[in-house]
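In case you want the letters, here they are:
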Amino acid sequence: MIKIENLHAQVGDTEILKGLSLELNAGEIHAIMGPNGAGKSTLSYALGGRPGYEITAGSVNFDGQDLLELDPHERAAAGIFLGFQYPVEIPGVSNLQFLRESLNSQRKSRGEEPLSGAEFIKLAKEKAGLLKMDMDMLKRAVNVGFSGGEKKRNEMVQMGIIDPKLAILDETDSGLDIDALRVVGSGINAIMRKPEKAVLLITHYQRLLELVKPDFVHVLAGGRIVKTGGPELAVQLEEEGYEAVAA
Amino acid sequence: MSALLPLPTKRDESWRYADLKALEAVWPKLDGPEKIAVAAGESASRQISVLPIIDGVGIVDLDVTIGDGANFALHVLAVAADYGRIQVKATLGKGAHFELGGAILGSGTQTLEIVTETIHAEPNATSNQVVRSVLAGKATGSFLGKINVARDAQKTDAAQSVKAMLLDRTATANAKPELEIFADDVKCAHGATVGELDKQALFYMAARGLPPELAQKLMLQAFIADAFVSMDDDSAREAIESKALEALEHLS
């Protein structure tokens, strides 16, 4: 589904990704773990096309398309969902309006008919229910006044509504209490654990990986994937630390 | 403003950001201020979404007297003029309320301004002014808000909130509160900010599939909505908001 080859990315004058290669096939869930400053968030922003994250070498092929040629909103329409570590507040714009406009923009660029108001509300109710989120929160301004956990839950509701092919989830588990983690974990499974979809989970902790079982675990250090294994690698990392495992 | 009066100069504080060159041509054609009197205990409102343009210049000049316990709500849109000015003098009686909501939406080389003089002449009156500006190109948008609290006007509560969003670094926003307070038991709150669209929010919206122009539109729509949130009449609010949206479309 996505093939990243020799990706080099820099922010300002600092090179952060230094030749990262990674391939995800449909039906797979991959986890990326790594110490602080390894480049985990940079990878997700580089794939999302965030301004300021300059790709200096390498290629990313997504479903036969050159991903790096696309603008951020075109990447979303192509099927990539970026789950933010720190979801952004947008005062005055309601979640429902934001998501309906987003979804319909994506549909339009794919040549699909827009969803009507009624169709959209039905979809939003279903996905909010799945993540145990109150519909009233969806009527409020995007992430404004939400707790850290509510923001992350809202990211997953958005993912459910948008229904992407590939989800790149940047520390979606951080800031969640145990109950919320369980809800988010089962949300990821329900929405994304499908033969035609793939997930790239960026996380520090093994706990989320007990709920969302990865097929592959990668260690990212110094801007490169330094080790790849199965789920057992996450357990080993948790026990022994990055330094011992990735050395 | 009247043909009999001399043309203002930049030394006149309330004209210091005005486009006097544009004004000069139409100055003799202007009438004096329109007088509005709201009788004691009454409520009145006015919406201005289109300026009366003469030769590219649109001037609205109101002199409002709000009687004891009366209420006057004014909502205005400063758009679509080379030089546009909405000038209001409001004099409040005992326990009266003056509400102003305004949006200034300018681009190109437009100069648009809202200039208010709020006179709290008697005790217990309240006023609230909310102005939102969105400025592109080399436009200048100004709000000058003078609040005058007379010696006997105790328990006055006057508030001003002024925010401007610059879409280009070449645009200019001026926000100038001016308080003259002679009473000692009053509340006068004023806040002013000038900023740009939140880049993080724009990327967040793009990551959900919103094209940049639509993301910007949603954010600006929410930004200027503050100016009209105080309107009770839903259909009047929708009418002025749709005019504002139309003007926003032409900005970028």
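As a reminder, the structure under discussion sits directly above these lines.
Summarised in this report is the structure supplied together with it. (Residues numbered from 1 in each chain as written. Chains lettered and ligands numbered in written order. Predicted model: local features only at pLDDT ≥ 70, side-chain atom pairs only at ≥ 80, totals over all residues. Heavy atoms only, no water.)

Once that is clear, we can look at the overall build of chain A. Helix and strand counts for chain A come out as 10 helices and 12 strands. Relative to a compact globule of 247 residues, whose C-alpha radius of gyration would be 18 Å, chain A shows 18 Å and is just as compact. Put simply, chain A has 247 residues, and 54% of those count as buried. Of the contacts made within chain A by residues no fewer than 6 positions apart, 69% connect residues no fewer than 24 positions apart. Of the roughly 10,500 Å² that chain A leaves accessible, carbon and sulfur atoms contribute 48%. Across chain A, the centroid of the 27 positively charged side chains sits 5 Å from that of the 35 negatively charged ones. (Helix = DSSP H or I, 4+ residues; strand = E, 2+ residues; numbered from the N terminus. Rg over C-alpha atoms; globule rule 2.2 N^0.38 Å. Buried < 20%, exposed > 50% of the residue type's maximum accessible area, 1.4 Å probe, protein only. Contact = heavy atoms within 4.5 Å. Areas by Shrake-Rupley, 256 points an atom, 1.4 Å probe, with all protein chains shown as cover. Lys, Arg positive; Asp, Glu negative; His and termini not counted. Charge placed at Lys NZ, Arg CZ, Asp CG, Glu CD.)

What follows covers the packing of aromatic side chains. Here a ring pair, both rings aromatic, is described through the centre-centre distance and the interplanar angle of the planes. Within this structure, the stated rule accounts for eight aromatic pairs over all chains. The structure contains a cluster of three or more aromatic residues connected by ring pairs, namely Tyr 45, Tyr 53, Phe 84 and Phe 98 of chain A together with Phe 203 and Tyr 204 of chain B. Residue placement shows Arg 50 of chain A over the ring face of Tyr 45 of chain A; its charged tip is 4.5 Å from the ring centre. (Phe/Tyr/Trp six-rings, centres within 6.5 Å; stacked < 30°, edge-to-face > 60°. Lys NZ or Arg CZ within 6 Å of the ring centre and 35° of its normal.)

Turning our eyes to something else, we now look at the side chain of Lys 127 of chain A. Relative to the assigned elements, Lys 127 of chain A resides in helix α4 (residues 117-130). Other than its neighbours up to four places away in sequence, Lys 127 of chain A contacts Val 157, Gly 160 and Ile 161 of chain A.

This part is about the nonpolar core. Leu 201 of chain A together with Leu 105 of chain B are the most contacted members of the largest nonpolar core, which has 110 residues in total. No other element matches the eight residues that helix α3 (residues 212-225) of chain B contributes to this core. Apart from the residues within four sequence positions on either side, Leu 105 of chain B is in contact with Leu 77, Ala 78, Val 79, Gln 110, Leu 112, Val 134, Ile 224, Ala 244, Ala 247, Leu 248 and Leu 251 of chain B. Within the second largest apolar cluster, 34 residues are counted, among which are Val 38, Val 88, Leu 92 and Phe 143 of chain B. (Core = buried A, V, L, I, M, F, W, Y, C linked by side-chain atoms within 4.5 Å.)

Glancing now at the sheet that holds strand β2 (residues 43-48) of chain B. Residues and elements named next belong to chain B. One open sheet accounts for six strands, arranged β2-β5-β7-β9-β11-β13; its pairing is parallel. Unpaired on one side and paired on the other, β2 and β13 (187-195) mark the two borders of the sheet. Ignoring strand direction, the axes of neighbouring strands in this sheet form an average angle of 5 degrees. Both strand β11 (residues 157-166) and β13 contribute to a ladder of nine bridges, which runs parallel. (Pairing = 2+ DSSP bridges. Axes fitted to C-alpha atoms, helices over the stretch in contact; angles between N-to-C directions.)

This part is about the sheet that holds strand β6 (residues 80-83) of chain A. Residue and element names in this part refer to chain A. Read from one edge of the open sheet, six strands run β6-β9-β10-β3-β11-β12, paired in mixed fashion. Strands at the two margins of the open sheet, each flanked by one partner only, are β6 and β12 (224-229). Averaged over all neighbouring strand pairs, the angle between strand axes comes to 20 degrees, with direction disregarded. Sheet topology places strand β11 (residues 216-221) next to β12; five bridges connect them, and they run antiparallel. Paired with Val 217 across the strands is Gly 229, a residue of β12.

Moving on to the interface of chain A and chain B. The partner chain B presents 18 residues to the 30 residues of chain A that form the contact. Counting the surface lost from both chain A and chain B, the interface buries some 1,900 Å², and carbon and sulfur atoms represent 71% of this. Ranking the residues of chain A by area buried against chain B places His 73, Val 88 and Phe 98 of chain A at the top, with a combined share of 28%. Inspection of the chain A/chain B interface yields one salt bridge. Residue Arg 208 of chain B pairs with Glu 155 of chain A through a salt bridge whose shortest N-O separation is 2.8 Å. (Buried area = accessible area lost by both parts, 1.4 Å probe. Salt bridge = Lys/Arg side-chain N within 4 Å of Asp/Glu carboxyl O.)

Residue and element names in this part refer to chain A. By the element assignment, Ala 78 lies in helix α2 (residues 72-78). With relative accessibility at 13%, the residue Ala 78 sits in the buried group. Taking C-alpha positions, Ala 78 is 9.9 Å from Arg 107, a pair spaced 29 residues apart along the chain. If we ignore the near neighbours within four places in the chain, the residues touching Ala 78 are Phe 62, Gln 65, Leu 70 and Lys 165.

Inspection of every chain in the model, using the stated rule, returns 22 salt bridges over all chains. With a closest N to O distance of 3.9 Å, Glu 112 of chain A and Arg 107 of chain A form a salt bridge. Of the charged contacts in the structure, one is a salt bridge between Asp 215 of chain A and Arg 193 of chain A, with a shortest N-O distance of 3.7 Å. In this pair, Asp 215 of chain A sits in the loop between α8 (207-211) and β11 while Arg 193 of chain A sits in the loop between α7 (178-192) and β10 (198-202), placing the two residues 22 residues apart along the sequence. Several salt bridges converge on common partners, so that one network encompasses Glu 13, Arg 16, Lys 176 and Glu 178 of chain B.

Let's shift gears to the pairing of strand β9 (residues 166-170) of chain A. Residue and element names in this part refer to chain A. When you tally the buried positions in β9, you get five out of five residues, the bulk of the element. The alternating pattern of β9 places Leu 166, Ile 168 and Asp 170 and Ala 167 and Leu 169 on opposite faces, both of which are buried. Here four bridges tie β6 to β9, and the two strands are oriented parallel to one another. Looking at the pairing, Gly 83 lines up with Leu 169 of β9. Note that β9 and β10 share five bridges and pair parallel. Note on β10: the bridge partner recorded for Leu 166 is Ala 198. A crossover connection joins β9 to the parallel β10 through α7; in handedness this β-α-β unit is right-handed. (Right-handed = clockwise from strand over helix to strand, strands pointing away.)

All names here are of chain B. Within helix α2 (residues 199-207), the full set of buried residues consists of Ala 201, Phe 203, Tyr 204, Met 205, Ala 206 and Ala 207. The N-capping residue of α2, defined by a side-chain oxygen 3.0 Å from the backbone nitrogen of Gln 200, is Asp 198. Phi for Gly 209, located one or two positions after α2, is positive at around 110 degrees. (Polar contact = N/O pair within 3.5 Å; in protein donor to acceptor, adjacent residues only side chain to side chain.)

Let's shift gears to unusual backbone geometry. Residues other than glycine seldom take positive phi values, yet Asp 163 of chain A does so here, at roughly 55 degrees. Along the chain, Asp 163 of chain A turns up in the loop between α6 (148-162) and β9. The class of Asp 163 of chain A is partly exposed, set by a relative accessible area of 43%. At Lys 155 of chain B, a residue that is not glycine, the phi angle is positive and equals roughly 60 degrees.

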